[in-house]
Amino acid sequence: MRTRSLLSGAYACLLILLFSGCSDDIDLSNEQEIFFEVNYANNAWTYQFKGFLIDKEGRIRTYDLPAKWVNVEGGTTITVDELDANLSKTAISSHSVPITELDKYKLEAAQISDADFTKPENVGADMGGTSYLMYKYDPSRKVYKAILLKQTGDVVIYNKDSKAKGIADWLTQITDEVY
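Sequence order as written defines residue numbering, which begins from 1 separately in each chain. Two thresholds apply to this predicted model, a pLDDT of at least 70 for residue-level local features and 80 or more for giving and counting side-chain atom pairs, whereas whole-chain, interface and lining totals are computed over all residues. Excluding hydrogens and water, the side-chain figures rest on all heavy atoms present in the structure.

Caption draft 1: Representation of the packing of helix H3 (residues 99-109) against helix H4 (residues 162-178) in the model. Between N-to-C directions, angles span 0 to 180 degrees; the directions come from axes that are lines fitted to C-alpha atoms, helices contributing only their stretch in contact. Each helix is a run of H or I in the DSSP string that is no shorter than four residues. Each strand is a run of E no shorter than two, and both are numbered from the N terminus. Where H3 contacts H4, the axes come no closer than 9 Å and their chain directions differ by 150 degrees. Taken as axis vectors, H3 and H4 run roughly antiparallel relative to one another. Taken as a pair, H3 and H4 cross one another with a handedness that is left-handed. Facing H3, whose interface residues are Glu-101, Leu-102, Tyr-105, Glu-108 and Ala-109, H4 presents Lys-163, Gly-166, Ile-167 and Trp-170. The classification used treats Ala, Val, Leu, Ile, Met, Phe, Trp, Tyr, Cys and Pro as nonpolar, Asp, Glu, Lys and Arg as charged, and all other residues, Gly among them, as polar. Partitioned by chemical class, the residues of the contact of H3 with H4 number five nonpolar, one polar and three charged. Working rule for angles: under 35 degrees goes down as roughly parallel, over 145 as roughly antiparallel, 65 to 115 as roughly perpendicular, anything else as oblique. By convention, the crossing between two helices is left-handed when the near helix turns anticlockwise from the far helix through less than a right angle, and right-handed when the turn is clockwise. Here, residues are in contact when the closest pair of their heavy atoms is within 4.5 Å.

The following block contains the structure:
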């Protein structure tokens, strides 16, 4: 009997450790509207700015030269109101992400560090840049923090976190489908 209660206690402690070890940087509640973004910008010959966001329902919301868009870069934040204004300027794509697939990448995103990046490398000119971002939602401040997964184009930067690479590769596949 004592062995059974010790095993039950050990099992309960193990479950607590497993779940408390998960990052709480992302609030996976229904409050978080957007999880990922890919955007392309180029100022070389004519201004270009387009991209898409992936929302909590797996919908891909595209934009192309939206007026008064609040642009984010890795490490910057956007308020819920600013994000809502951006969302009002998007169109729902015929492409979407299955919820099971989205859930998988949301859980991986919760574990990504934004502390270690490759040194920016200039590899071209006039190509513009494509940024692959994920968002961490802070419900207490009602802001989203953009975390860079990778940037390609004139300047190449990679988040060194292995999960960031996997999510960036997944977003690259989605980009190929959408455009």
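Caption draft 2: How the structure looks around unusual backbone geometry. Positive phi outside glycine occurs at Lys-68, with the angle close to 55 degrees. Backbone geometry places Lys-142, a non-glycine residue, at a positive phi of 55 degrees. As for its placement among the helices and strands, Lys-142 is situated in the loop between strand E7 (129-138) and strand E8 (143-153).

Caption draft 3: Representation of the pattern of salt bridges. We define a salt bridge as a side-chain nitrogen of Lys or Arg found within 4 Å of a carboxyl oxygen belonging to Asp or Glu. A full pass over the atoms with the stated rule returns ten salt bridges. For the salt bridge of Lys-160 with Asp-116, the shortest nitrogen-to-oxygen distance reads 3.9 Å. Taken together, the positions of Lys-160 in the loop between strand E9 (155-158) and H4 and Asp-116 in the loop between H3 and strand E6 (121-122) put the pair 44 residues apart, joining distant regions of the chain.

Caption draft 4: Just H3, in detail. The rule is simple: take the accessible area with a 1.4 Å probe, protein chains only, and divide by the maximum for that residue type; under 20% is buried, over 50% is exposed, in between is partly exposed. For H3, the complete set of buried residues consists of Leu-102, Tyr-105, Lys-106 and Ala-109. Angularly, the buried residues of H3 cover 105 degrees about the axis, an arc narrow enough to put them on a single face. In this fold, the buried residues of H3 make contact with strand E1 (34-42), strand E2 (48-55), E7 and H4. Note that the arc is defined by the directions from the helix axis to the C-beta atoms.

Caption draft 5: Looking closely at the side chain of Gln-32. With respect to the helices and strands, the residue Gln-32 is situated in the loop between helix H1 (2-20) and E1. Polar contact is defined as a pair of N or O atoms within 3.5 Å, subject to the rule that within protein one atom must be able to donate a hydrogen and the other to accept it, and that residues adjacent in sequence are counted only when both atoms are side-chain atoms. At a separation of 2.9 Å, a polar atom in the side chain of Gln-32 contacts the main-chain carbonyl oxygen of Ile-34.

Caption draft 6: Main features of the environment of Lys-56. Topologically, Lys-56 is positioned in the loop between E2 and strand E3 (59-64). Separated by 24 residues in sequence, Lys-56 and Gln-32 have C-alpha atoms that sit 7.0 Å apart.

Caption draft 7: Expanded view of the confidence of the model for the protein chain. Per-residue pLDDT for the protein chain averages 87, and the proportion of residues at 70 or more is 83%. Counting interchain partners and residues more than four positions distant, the pLDDT-below-50 stretch residues 1-27 has 15 contacts. A residue's pLDDT is the predictor's confidence in that residue, given on a scale from 0 to 100.

Caption draft 8: Examining the nonpolar core more closely. Residues belong to one nonpolar core when they are buried, are Ala, Val, Leu, Ile, Met, Phe, Trp, Tyr or Cys, and are joined through side-chain atoms within 4.5 Å. Residues Phe-36, Ile-54, Leu-149, Ile-167, Trp-170, Leu-171 and Ile-174 are the most contacted members of the largest nonpolar core, which totals 22 residues. Mapped by element, the contributors of at least two residues to this core are E1, E2, H3, E7, E8 and H4. Sort the elements by how many residues they give to this core and H4 lands first, with seven residues.

Caption draft 9: Summary view of the packing of aromatic side chains. Paired rings are identified among Phe, Tyr and Trp, the last through its six-membered ring, by centres lying within 6.5 Å, and are further divided according to the angle between planes into stacked (under 30 degrees), edge-to-face (over 60) and tilted (the rest). Within the structure shown, the criterion is met by eight aromatic pairs. Taking 4.7 Å as the distance between ring centres and 40 degrees as the angle between the ring planes, the aromatic pair formed by Tyr-137 and Tyr-144 counts as tilted. One aromatic cluster is present, built from ring pairs that chain together Phe-36, Tyr-105 and Trp-170. The ring of Tyr-179 has Lys-50 lying over it, and the distance from NZ or CZ to the ring centre is 4.3 Å. Note on criteria: charge over ring means Lys NZ or Arg CZ within 6 Å of the ring centre, with the direction from the centre no more than 35 degrees off the ring normal.

Caption draft 10: Broad picture of the side chain of Asn-86. Among the secondary structure elements, Asn-86 is positioned in helix H2 (residues 80-87). For Asn-86, the contacting residues outside a window of four places in its chain are Lys-68, Trp-69, Val-70 and Ile-78.

Caption draft 11: Region of interest: the pairing of E9. Pairing between two strands is assigned when DSSP locates at least 2 bridges connecting them. Summarising the sheet, E6 and E9 pair through two bridges and their orientation is antiparallel. From the neighbouring strand, Glu-121 faces E9, where its bridge partner is Val-156. With two bridges joining them, E8 and E9 adopt antiparallel strand pairing. From the neighbouring strand, Gln-151 faces E9, where its bridge partner is Ile-157. Counting the residues in the hairpin turn of E8 and E9 gives one residue.

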